[in-house]
Every structure is written in structure tokens, then in C-alpha cells.
Amino acid sequence: MLAKLFIASIRANLGRTLLSVAGIALGVALGLAVHVINQSAISEMQQATRTLSGDADLTLRGGRASAGGFDEAVLETLLTDARIAPLIAIASPIVDMTVALPPPKPLQQHMQPVQLMQEEQKTQNQTTTQAAGKKTGPATNQATNHATNQTSQTIRVIGTDIFQAARLQPGFVGEAFKGGRAEQQKSADDRAMPLATLQPDSVFLNRAALAVVGAQTNGSTSLSIPIGLENKTINVIGKIELPQFKEPLAVMDIAGAQVLFNQVGKLSRIDLRLRPGVNIESFRSDVLPLLPPGLALTTPQQRDEQSAAVSRAYRINLTVLSLVALFTGGFLVFSTQSLSVVRRRSQFALYRTLGVTQRELLRALLAEGAVLGTIGGATGAALGLAIATLALKKFGADLGSGFFAGVVPEADWHVATVLFFVGLGSAAGVVGAWLPARQAALEAPARALKANDDAGGGATFLPPWWAGATLLVLSAALLALPAIDSIPWLAYASIAAMLFGVIALAPIICAKALSLAPQSKSIIRQLAARHIEKSPGPSAAAITGIVASFSLMIAMLIMVVSFRASLEDWLTGVLKADIYVRVGRGNSPGSSEANTLDTSTGAAFQAIRGVEHADYLRYKSVNLNPDMAPVALIVRPLRDDVLASLTMLRRADANVVATAQLPIVWVSEAMVDLYGLDAGQTVTVPIEGVARKLIIGGVWRDYARSSGAITIDRDAYIAMTGDTRINDLALTLTAGADKLEVMNAIRAMPNGDRFEIINAAEIRKLSLSAFDRSFAVTYALEIAAIFVGLAGISATFSAQAWARRREFGMLRHLGMTRGEIRRLLGAEGTLLGSLGAAIGLVLGFAIALVLIFVVNRQSFHWSMELHIPWLTLAILSVALIGLTAVSAIISGRFSMSRQAVLAVKEDA
């Protein structure tokens, strides 16, 4: 019987029911898609790390491989120190670099290496001649750079000791091409290990790399790799089988890799297998102090956690934002069920008189919400998996964040995860249906059977004022608590408490506002105001929808605008130079240490006509804490004008700095949160294996590195290390200099085609475009939230209009025209929209403050300035009020029909 009632309800409210299901499906789909995309990327990265580490128990590493490794003398210490060597079974040294290849072209498999080198040199000479002899316009140059970056492929090159790798990473042992030199040089006793691997110019490729370079498996060929200003050639002699590793990979002898990448005497990491019975944690704690400062010993589990932690805050924030749509979907279920309950009051009363108990009716109505939620959850789960699969294939796993750039994994999902999100949809349906179901179950059957009774215009439960006040106090208290494991869980709880606290107090706030407002001379407006004031329950339902959807939209709008404006201001400050130059077009960050310049090349830029001065930049990374991600070390001239370009948050006292007589460094604000450092304090930084005591001159804002950054003057760095290499150049031009002429002069330099040249305006444009892409999901959620909220408001007004049909019929009998009733409904909608918009603006502003100054800081360890888009807020508020008024008029259109007039004649 109740099942038939449920089916009849769906038929009567098919449009709104489908909209409820769609709202829940949208929230589930977005949440699941974001989760699957990010989880797939993390799984891919972790799988790659485990594959490359083999059966290692620990990995010893310095900072990031891309920013330089550590001295290979550390390997000798591990193998000869009497306190360490007996504990180690295998120590496999690794050089690990990622480089960009030239635009792919089919390699000629039967060409000899000399011929291939000649062809490559011919192509290079042609390109250099064209750059030197032909001036092109800015659009052409930009298009050329863009095309180069788009067609460049990256390949990861691993240099290893093959004898150690055969025991620890057997997948690194390659199979020589049949008929090639390596095949001929195989030992008769050991066909599994090609001796050609020991040749410094020989390399084995996995299937992905073979596909990229166009090599075939039935003959040898050569591969040209651009390193710095040189094109170095290596021989492709065979293939390796690492099916778990899907990125292009090359394996070669470690000595050859050190020469290839200009890393002689340097290692990226050492993979260790300990002897049986050696405790890993004891080994870490005992051995690390015996090694040079700045090294870290990590287990595979710790590496997995660190790779996941890099993007964890971004992933969680995006998932929480995705679930905003689920929240609004639950509200839509509430509104739809409210309308359905109102329309079926007499039917419920009849069932009650026939023996259906309150509990049975309550369970039946909650089951309706659960069914709607489950259908929405299942639909959303299917849609979310489809979105994730398509996004991974078309766009990769980046989502605009930059954390997973270049990672294109397959969708990795589990049944338990899908069921969890379906369960979230079911829960949203049950929660949305609970209040209307409770009202229907508690209503007296005798009262509900009276056809002319106007009660029940929607869910009328009003929480006590102290409940809302308690939630607001709880919200304030939660803001004073720190993040949990660098995730702002308590800040999110504070936002939820604030939202529900204000919603609970909204009816009281509205009643008070209406009582204090001056009385209108219009009878229509007086009737509208009195109805809202004297019917707090039904009015609260409409206010709830407006406040919930509008406040969240306003909060996200203010946060995004503030972040974007702060980022733009920061970019304007740090990008003071006119032109920036980096060696190696399209190179990935993993090749920064391999692609460096010496000071003599840097001086050639200073001599270019129109260049006022050239600043040399150097990027390294250091480990301040072996259990945390490396910190970026930025080496550059720190003149007064450079320091002024940084967004300096605070400076140390000049007397304190002078008294310390230590080299000065400037730290990003992430260092304050992560390491407890601040201006005027001293910090010990391991630089090139030596612990250096430095003093912090100030704290600056950095939106590029959430794990922290330290900036040091180039002269001080060179005095410590003797390292004069250059990664980037920042060129400031003289007044009136032609930027295009300077860029063409750079291209005309020897090997000028190897430089990536970009001006500050392009960097700013690309950075802001990346920002907009990363918040594209947020913009979509804002639009979805407001439309779902308006749909819920429409359902609420429909429920109230249905319950008030006798009232409207009486007004028609008394002579009120349809137009006047339409104006009455419009006035009520305008009042409710105005009150909801006002409360939503205040609440949204408060939530935005929490997002900006608490959630953002605890998640990413950087701050931003508050920027309020006043004009946009005004336009949105007016639009919301207008849409609410229109929704009220349309939803109550049947109240002006003959049915409303006839309702007066119904028996009392």
C-alpha cells in the first residue's frame, strides 16, 4: 500500500523528483570523479617509485634529484664504515634524471651512429641558421615556442651499477636487440646480462620509450639527447621489460649517466637492502647521524606517504567542494518531500485511521528519501567513473593543479569506494526526507483530514534559539584549534557549525527584521510581511535554501577572487625582469640540474645590446627534516630592488641581523608553519653536505612552493660552495630597448635554439590561466549550487501555495484579482529573497574569512589578502531576489485557478 503511495507521489512530482535525483547525482559524480582521478595519479606515482626501487628496504637521497644530488663519497662510507657496512646486504647507486627529447621523428634503424649524428647536426645547423638570419614577429615566435613545447617528449634516464641492480632491481637488466653489438658481446655463460651495458654510451629502453623515439627491436640505433647547450648521442642497444612502469624509461651504466648529465661525482639516490634481522628503524636512527647533513633515509611506505602528501591538501579541498553539490542535492530532496507531504496530508491521515502507525509511516517516508538518494548515488557513481576515465585519457591527472602534470594513468577505483559514494547519496536522501517525514508522522489524523485546514505548508520544525547559538559558539571555538596532520578538518567542522547555526537562527532573525522594519503603505506588502512573520516554519524552509546555497556561493566567490588578486599582485612583484631565459626548450623540471649554464655563457647575455643587467638564478633543494619534503633553495642576487619585489610579510630587526654576523637568508611563510622559523631566528641549512648556520632576514610570500623555500644571495652561496652554475637568467632591459630585438639576439647566439625565452607578461598569463583551470570545478559547483537552491526554493513555495489554496480562494471571493495575488506572491518572494540574500551575504563573508585565513593557510601554508568583489556581489544579490520572486509567482500559479476558489467550499 505504501509502495503504491510512493509510486503515485513520484508520478505527481516527476519533474521535481528527477531534479532531486539529479542534484544528488551531481554531487556524487563530482566527488567520486575527483577522488578517482587523484587516487589513480597517486597509485601510478607510487607504483613507479616501487618499481624503480625494486626490493630495497630503504632509499638514501639528498634533495630533489632535479636540483642536484649528493657526493658519491657517501657510497664509499656506506660500504667501508665498520659501523654501517656489516648491516647492508646490497647498496645500489642511482643517477636519476628526466630530460626532454627533440620533436619525435622515426629513427632509421639501419643507420650507423655516425650517420645519425651527422643528420642530427645537419638539422641543428639549419635551425640555428634560420634563427640567426631571419627575424620573425612575436606571434610567430610564441607559436614556435608553443609548438616546440607541445611536441617535445620527456624520458626518464636511470644510471645504475648493473651488478648491484641485477640483485635489487632485476627489471633494469636489459635484453639486447637481436643481431646488435650487445648481442654479439654477450658472455657465453651469462646471456642474461649484456656487457654492452657497461659502455658509457649504451642505453636500454622500455616499451614506452621505444614508442616515443621510434626505435625498433630488430636493430640498433642511436638517440640524441639535448643536455645544456649540447646534443649528446647514446646508442639504443636493447629493451627492458618493466610492465608496471608506463612512462618512457632508459637505463644505462651509472658512469655514463654521470658524464651524460654533467654529474660526475654525484648520485641521485642509493637503494639499500639490509641484512636479515637488521631493524629498519634502528638502522635509520643510528646511521643517519654518521652521514653528511642533508640526507634522508626513507622506506617505501614513507615514500608513498610523501608522494601522496604533496597533493593531499589540494585533493581534500577539491573533494569537499565537490560535496557542496551533494549538500544542495539533499536540500532539494527536503523541498521536494515537503511538497509531496503537504499534497498527501489527507492520504496519510486516512492510512493512519486504517491502522498504519507513526513509526511505519515515518519509515516509509524515509525509505522514499533513501530510494531517491540511492538512485541519485548510483547514477552519480556511474557518471563519476565515466568522467574520471574520460578526463584521465584526455587531460591526464593534473586537474589544473600542477601536482600530477604529465601523469596519464588508467582509472584506478575500488568497489568499496564506489559503494561509499553511493552511500553518501543515500544518506543525503534520508537526511533531506527526515524533517518532512517527521512532520507527517506526528500530525494528528483528525486534523489532517479536515480539507480546509491550512496547516502544514512545508516542514515546520523550528529548532530552539539556543541550538543555533550553541553551534555558533562551537564554530568560533573550533577555529582556535590547529590542523590535524596538515589538514583543516576542524576548520571545515567550524564552517559546517556556522552554516547550520545561522540556518537555525534564520527564522528568528527574519521575524525580528520584519518587526523592526517600517510599515509599508501598500496593503499587498503588508499582507506579505505579516504572513512571513506569522508563519516562521514554512518561511524558514524557503530561507534555509536561499541561505545555504547563496552563502556557500558567496564564500567561494570571495575566496577565489581574493586568491586570484593576491596571486596576480605576487606575480607582478616577483616578475620584475623583462625577459626570462632557461636552457632547454620544453624541458621538464626533472632536468634542471642537467641543463645548466656557466658564468661565461651568462656574461654573453649581459653583453647583448639593450640588456641593462642579467641576474643569474640557481635552484637547489635541501632536507631540513628527513621525514618531510625537501625545501627549495633559491640562489639569486639579493639587491635592495630584488628584496623590494618580494611580498615581504615581516623583516628581522636590523641590529639583530648585524650582531649575528651570519649569512642572511629569506624564508617563505611555509617555513613558519612547517618548521617554526621566523624573522631574526637562526637556522641550520645543509648545503652541499655541510651544515651552514644562517640568520633569517625576513619572511616572504611564495605561492609556488607549499613545502617551503629559502632564498640566499648568490655571492654568499658561491663563497660557501664554489658553485657558479646557472639555471635561469632574468634580463632587465634598458629604457626604450626593443624586447623583440633582444629575444632575436638571444636566438642568434651559438646554440640559441636551445634556449627557452619567455617574457614576464607571458609567465603571468600562463600562471593565471593555470589558476583558472584549477578552479574550473569550483566555478561549476557555484553555478550548480545556486540553481539547485533555486529549484528547492521553487518546491518550497509550491508546498506553501498548495497548503494556502483556501486562503487564496477566500481572497478571490473578497474581490482580489489574479494580478493582485500574483503581486502578493511576488512580494513574499521578494521579501524572503531579500532576507535570505542579506543573511547569506553576511554568512558567506564569514565563511570566506575562514576559507582565506584558516583553511587556505592550514592547507597550503601561504596567506592572501582579502579582496571583495562588491559589484559582483550586488549583481548576484539583485539577481537572487528577482529569481526568488519569479519562482514564488510561478510556483503559486495554480493558487489563482478555479481550484483555489472551489477550495473555500470544502467542508470544514
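Everything that follows concerns the structure shown earlier in this document.
What you are looking at is a predicted structure, and each value in this text was computed from that prediction instead of being measured.

Engineer: Give me the lowdown on the pairing of strand 11 (residues 269-274), citing residues and values where you can.
Structural biologist: Counting buried positions along strand 11 gives 5 out of 6 residues, so the element sits mostly inside the fold. Here strand 1 (residues 58-61) runs beside strand 11; their pairing, made up of 4 bridges, is antiparallel. Note that in strand 11 the partner of L58 across the bridge is L272. Bridge count between strand 3 (residues 88-101) and strand 11: 6 bridges; the pairing is antiparallel. Following the sheet pairing, A91 is matched in strand 11 by L272.

Engineer: Account for unusual backbone geometry, with residues named and values stated.
Structural biologist: Its identity is not glycine, yet N262 carries a phi of approximately 60°, on the positive side. Inspection of the secondary structure assignment puts N262 in the loop between helix 9 (254-260) and strand 10 (266-267). N262 gets classed as partly exposed once you look at its relative accessible area, which sits at 41%. Not every positive phi belongs to a glycine, and N751 is a case in point at roughly 60°. Relative to the helices and strands, N751 is located in the loop between helix 25 (739-747) and strand 22 (755-759).

Engineer: Quick rundown of a nonpolar patch on the surface? Include the residues and the values.
Structural biologist: Side chains of W413, V415 and L419 sit close together on the surface and give an oily, nonpolar patch of about 330 Å² of accessible area. Residue position: L419 is located in helix 14 (residues 415-442).

Engineer: Residue-level account of the pairing of strand 19 (residues 690-700), with values.
Structural biologist: In this structure, strand 16 (residues 648-651) lies alongside strand 19, joined through 3 bridges in antiparallel fashion. When the bridges of strand 19 are listed, R650 appears paired with V699. The pairing of strand 17 (residues 664-668) with strand 19 spans 5 bridges and is classified as parallel. The residue bridging V665 from the neighbouring strand is I696, located in strand 19. The pairing of strand 18 (residues 682-687) with strand 19 spans 6 bridges and is antiparallel. Across the sheet, the residue bridging to P686 is A691, located in strand 19.

Engineer: Explain helix 10 (residues 280-287) to me, and be specific about the residues and the numbers.
Structural biologist: All buried positions along helix 10 are accounted for by F283, R284 and V287. All buried residues of helix 10 lie within an arc of 100° about the axis, which places them on one face of the element. Measuring from the backbone nitrogen of E281 back to the side-chain oxygen at the start of helix 10 gives 3.1 Å, which picks out N279 as the cap.

Engineer: Now, about the packing of aromatic side chains: what can you tell me, with residues and values included?
Structural biologist: The geometry of an aromatic ring pair is captured by two quantities: the separation of the ring centres and the angle between the planes. Counted by the stated rule, this structure contains 8 aromatic pairs. When the centroid spacing of 5.2 Å and the interplanar angle of 90° are considered together, the rings of F563 and F771 count as edge-to-face. Here F563, found in helix 19 (residues 536-574), pairs with F771, found in helix 26 (residues 760-774); they are 208 residues apart in sequence, far enough to count as distant. One exposure class covers both F563 and F771, and it is buried. Geometrically, the ring pair formed by W570 and Y703 is edge-to-face, given 5.6 Å between the ring centres and 70° between the ring planes.

Engineer: Would you mind going over the nonpolar core in detail, with residue names and values included?
Structural biologist: I847 and L851 are the most contacted members of the largest nonpolar core, which totals 69 residues. Broken down by secondary-structure element, the contributors of at least two residues to this core are helix 17 (489-516), helix 18 (523-534), helix 19, strand 15 (631-636), helix 21 (640-645), helix 26, helix 29 (818-860) and helix 30 (870-891). The greatest single-element share of this core, amounting to 19 residues, is contributed by helix 19. In terms of nonpolar packing, the next biggest core, distinct from the first, is built from 43 residues, L78, V157, V236 and L291 among them.

Engineer: Give me the pattern of salt bridges: which residues, what numbers.
Structural biologist: As a working rule, side chains carrying opposite charge can pair if their charged atoms are close by. Within this structure, the stated rule accounts for 22 salt bridges. Ionic pairing is found between R269 and D96, a salt bridge with its closest N-O pair at 3.1 Å. Here R269, found in strand 11, pairs with D96, found in strand 3; they are 173 residues apart in sequence, far enough to count as distant. Comparing R269 with D96 shows no difference in burial state: the two are buried. Its salt-bridge partner being R650, residue D678 comes within 2.7 Å of it at the nearest N-O pair. You can see D678 sitting in the loop between helix 23 (669-675) and strand 18 and its partner R650 sitting in strand 16, a full 28 residues away along the chain. Under the relative-accessibility criterion, D678 is labelled partly exposed at 24%.

About the thresholds
Residues numbered from 1 in each chain as written. Predicted model: local features only at pLDDT ≥ 70, side-chain atom pairs only at ≥ 80, totals over all residues. Heavy atoms only, no water. Buried < 20%, exposed > 50% of the residue type's maximum accessible area, 1.4 Å probe, protein only. Helix = DSSP H or I, 4+ residues; strand = E, 2+ residues; numbered from the N terminus. Pairing = 2+ DSSP bridges. Patch = residues over 30% accessible without salt bridge, like charges linked within 9 Å, V, L, I, M, F, W, Y side chains within 5 Å. Areas by Shrake-Rupley, 256 points an atom, 1.4 Å probe, with all protein chains shown as cover. Salt bridge = Lys/Arg side-chain N within 4 Å of Asp/Glu carboxyl O. Arc of directions from axis to C-beta. Polar contact = N/O pair within 3.5 Å; in protein donor to acceptor, adjacent residues only side chain to side chain. Phe/Tyr/Trp six-rings, centres within 6.5 Å; stacked < 30°, edge-to-face > 60°. Core = buried A, V, L, I, M, F, W, Y, C linked by side-chain atoms within 4.5 Å.

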